[in-house]
Amino acid sequence: MARPLPLILAQAPGRPADDLAGFATDVERRVKLHAPGALVVYPELHLGESAPGVPAAPQEGAEPLDGKRDAAFAELAGDLGIWLIPGSVYERGTGDRVHNTTPVYSPQGERLAAYRKICPWRPYETTTPGNRFEVVDLAGVGRIGLSICYDTWFPEISRHLAWMGAELIVNVVRTTTSDRAQEVVLNRANAITNQVFVASVNSAAPSGMGRSLVIDPQGTVRAKTVDAGNSTLTDVIDLDEVSNVRHYGTAGLNRIWDQFRPGDPALELPLYGGRIDPAIWNPAHTTEEPPR
């Protein structure tokens, strides 16, 4: 049995926040020749530039999550019959707060979820951090987890997404600096240590360094871009590979989600004021309803 998920990853340069028509045209162009029902992903703050390659201030172009931009994204996803992650956008929250937020839309034209970036790249990013992990069920396909750029440097985020049942972690990125090389390594490490797929989608020049990639649950790079050019990275992944790797082990050896078992002593985690409880270590118990 297989659960295929076509991926269309747009390594694209950024656009102004109000260029919804140009964005729609670009999505249609990239989707046109590829599989129906694909998950289409754009980079972090793709619609968030004040000039080519220059990110806008958070207050510029920010709007409530359910504004006209949201309606345009939903309509586009429904018209094309795709799962759409339009990168992230500046979301106007309560008071003067602005969040860096990734929404997800269904082929039926509905917003399914929205994730606020937990780890802004401080001190350079001034958006208000989110305070919850977010996983999304793609009906009939599987469950994905959401992260934004610097989040990938914090293994706790990827671990929790995997524990909540994510089989693919989508990491949208706007990295212009040389540490993209380290991000590539970290994304592979997050795939290996959690036995999940990872798709990391960076911006094209002049908005980013490129080097987007798709990684399988054993850490193998399945597909990648080799430079910062404007390009479309495509793949079709089988989400059943996640359960296969967890059952047989990475390289046929390592079954990390079977490490802690009911009856083992709990492990205190002083850093978090919490613990690893062997009774709830395995993510299998979360496949019906993600915990909050």
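Residues numbered from 1 in each chain as written. Predicted model: local features only at pLDDT ≥ 70, side-chain atom pairs only at ≥ 80, totals over all residues. Heavy atoms only, no water.

The name that an unreviewed UniProt entry assigns to the chain is Carbon-nitrogen hydrolase family protein, with the source organism given as Streptomyces sp. 900116325.

Visitor: I tried to follow the pattern of salt bridges on my own but got confused; where do I start?
Guide: Where side chains of opposite charge bring their charged atoms close, a pairing between them can arise. If you walk through the whole model with that rule in mind, you get 16 salt bridges. The partner of Arg-3 in a salt bridge is Asp-240, and the shortest N-O contact between them spans 2.8 Å. Here Arg-3 is found in the segment before strand E1 (4–11), whereas its partner Asp-240 is found in helix H5 (residues 240–248), with 237 residues between them in sequence. The exposure classification of Arg-3 matches that of Asp-240, with both residues buried. For Glu-125, the salt bridge identified is with Lys-117, shortest N-O distance 2.9 Å. Ionic contacts of the salt-bridge type, sharing partners, join the residues Arg-15, Asp-19, Asp-26, Arg-29 and Arg-30 into one network. (Salt bridge = Lys/Arg side-chain N within 4 Å of Asp/Glu carboxyl O. Helix = DSSP H or I, 4+ residues; strand = E, 2+ residues; numbered from the N terminus. Buried < 20%, exposed > 50% of the residue type's maximum accessible area, 1.4 Å probe, protein only.)

Visitor: Is there a simple way to explain the sheet that holds strand E9 (residues 135–138) in this structure?
Guide: Across a sheet, paired strands are connected by hydrogen bonds in the backbone, their directions being either parallel or antiparallel. Taken in spatial order, the six strands line up as E9-E10-E11-E12-E13-E14 in an open sheet, and their pairing is mixed. In this open sheet, the two edge strands, each paired with only one partner strand, are E9 and strand E14 (221–224). Each neighbouring strand pair of the sheet contributes to a mean axis angle of 20°, computed without reference to strand direction. Sheet topology places strand E11 (residues 168–172) next to strand E12 (residues 197–201); five bridges connect them, and they run parallel. (Pairing = 2+ DSSP bridges. Axes fitted to C-alpha atoms, helices over the stretch in contact; angles between N-to-C directions.)

Visitor: In this structure, what is going on with the nonpolar core? I would like to understand it.
Guide: Side chains of nonpolar character tend, in soluble globular proteins, to be buried together. Ranked by internal contacts, the top residues of the largest apolar core, which has 48 residues, are Leu-39, Ile-85 and Leu-168. Leave out the neighbours within four places in its chain, and Ile-85 touches Leu-39, Val-40, Val-41, Tyr-42, Thr-102, Pro-103, Val-104, Ile-144, Leu-146, Val-170 and Val-172. (Core = buried A, V, L, I, M, F, W, Y, C linked by side-chain atoms within 4.5 Å. Contact = heavy atoms within 4.5 Å.)

Visitor: Could you clarify how one ought to interpret helix H2 (residues 68–80) in this entry?
Guide: Residues that lie three or four places apart on an α-helix share one face, since the helix turns once every 3.6 residues. Across its 13 residues, H2 extends 18 Å between first and last C-alpha, which sits within 8% of the 18 Å expected from 1.5 Å per residue. Within the span of H2, buried status applies to Arg-69, Asp-70, Phe-73, Ala-74, Leu-76 and Ala-77. Angularly, the buried residues of H2 cover 160° about the axis, an arc narrow enough to put them on a single face. In H2, the exposed positions that point more than 90 degrees away from the buried face belong to Lys-68, Glu-75 and Asp-79. Count one or two residues on from H2 and you reach Gly-81, which has phi positive near 65°. (Expected span 1.5 Å × (residues − 1). Arc of directions from axis to C-beta.)

Visitor: Honestly, the side chain of Asn-190 in this entry has me stumped. Any pointers?
Guide: With respect to the helices, strands and loops of the structure, Asn-190 is situated in helix H4 (residues 180–194). Look at Asn-190 and you get buried, because its relative accessible area is 6%. Those residues in contact with Asn-190, other than ones at most four positions away along the chain, are Thr-152, Pro-155, Ser-158 and Val-196.

Visitor: How should the packing of aromatic side chains be read in this particular structure?
Guide: Remark: the centre distance and the inter-plane angle together describe each pair of aromatic rings, the angle taken between the planes. Applying the stated rule across the entire model yields eight aromatic pairs. With a centroid separation of 5.3 Å and an interplanar angle of 90°, the aromatic rings of Tyr-150 and Phe-154 are classed as edge-to-face. Residues Trp-257 and Trp-281 carry aromatic rings whose centres are separated by 5.1 Å and whose planes lie at 35° to one another, so their mutual orientation is tilted. Of this pair, Trp-257 sits in the loop between H5 and strand E16 (267–269) while Trp-281 is found in the segment after strand E17 (274–276), placing the two residues 24 residues apart along the sequence. Across the pair, exposure class does not vary: Trp-257 and Trp-281 are buried alike. (Phe/Tyr/Trp six-rings, centres within 6.5 Å; stacked < 30°, edge-to-face > 60°.)

Visitor: How should I be thinking about the environment of His-160 in this particular structure?
Guide: You can see His-160 is positioned in helix H3 (residues 155–163). The exposure class assigned to His-160 is partly exposed, which follows from its relative accessible area of 35%.

Visitor: Could you clarify how one ought to interpret the pairing of E14 in this entry?
Guide: In the case of a regular strand, side chains alternate between the two sheet surfaces. Note that strand E13 (residues 213–215) and E14 share three bridges and pair antiparallel. Opposite Val-214, over in E14, you have Ala-223 as the bridge partner. Between E13 and E14, which pair antiparallel and follow one another directly, the connecting turn spans five residues, one of which, Gly-219, has a positive phi of 95°.

Visitor: Even after reading the chapter, I still don't get the UniProt feature "domain: CN hydrolase" (unreviewed entry) in the chain, so can you show me in this structure?
Guide: The positions UniProt marks with the feature "domain: CN hydrolase" (unreviewed entry) are residues 5–244. Counted over residues 5–244, helix gives 22% and strand 30%. Its end C-alpha atoms are 16 Å apart. (UniProt positions renumbered as here; feature names shortened; annotations may be inferred.)

Visitor: What am I meant to see in the side chain of Asn-202 here?
Guide: Following the sequence through the fold, Asn-202 ends up in the loop between E12 and E13. The class for Asn-202 is buried, based on a relative accessible area of 0%. There is a polar contact of 2.9 Å between the side chain of Asn-202 and the backbone nitrogen of Thr-175. Dropping the residues within four chain positions of it, Asn-202 is found in contact with Ala-10, Gln-11, Ala-12, Pro-43, Val-173, Arg-174, Thr-175, Arg-180, Gly-208, Met-209, Gly-210 and Ser-212. (Polar contact = N/O pair within 3.5 Å; in protein donor to acceptor, adjacent residues only side chain to side chain.)

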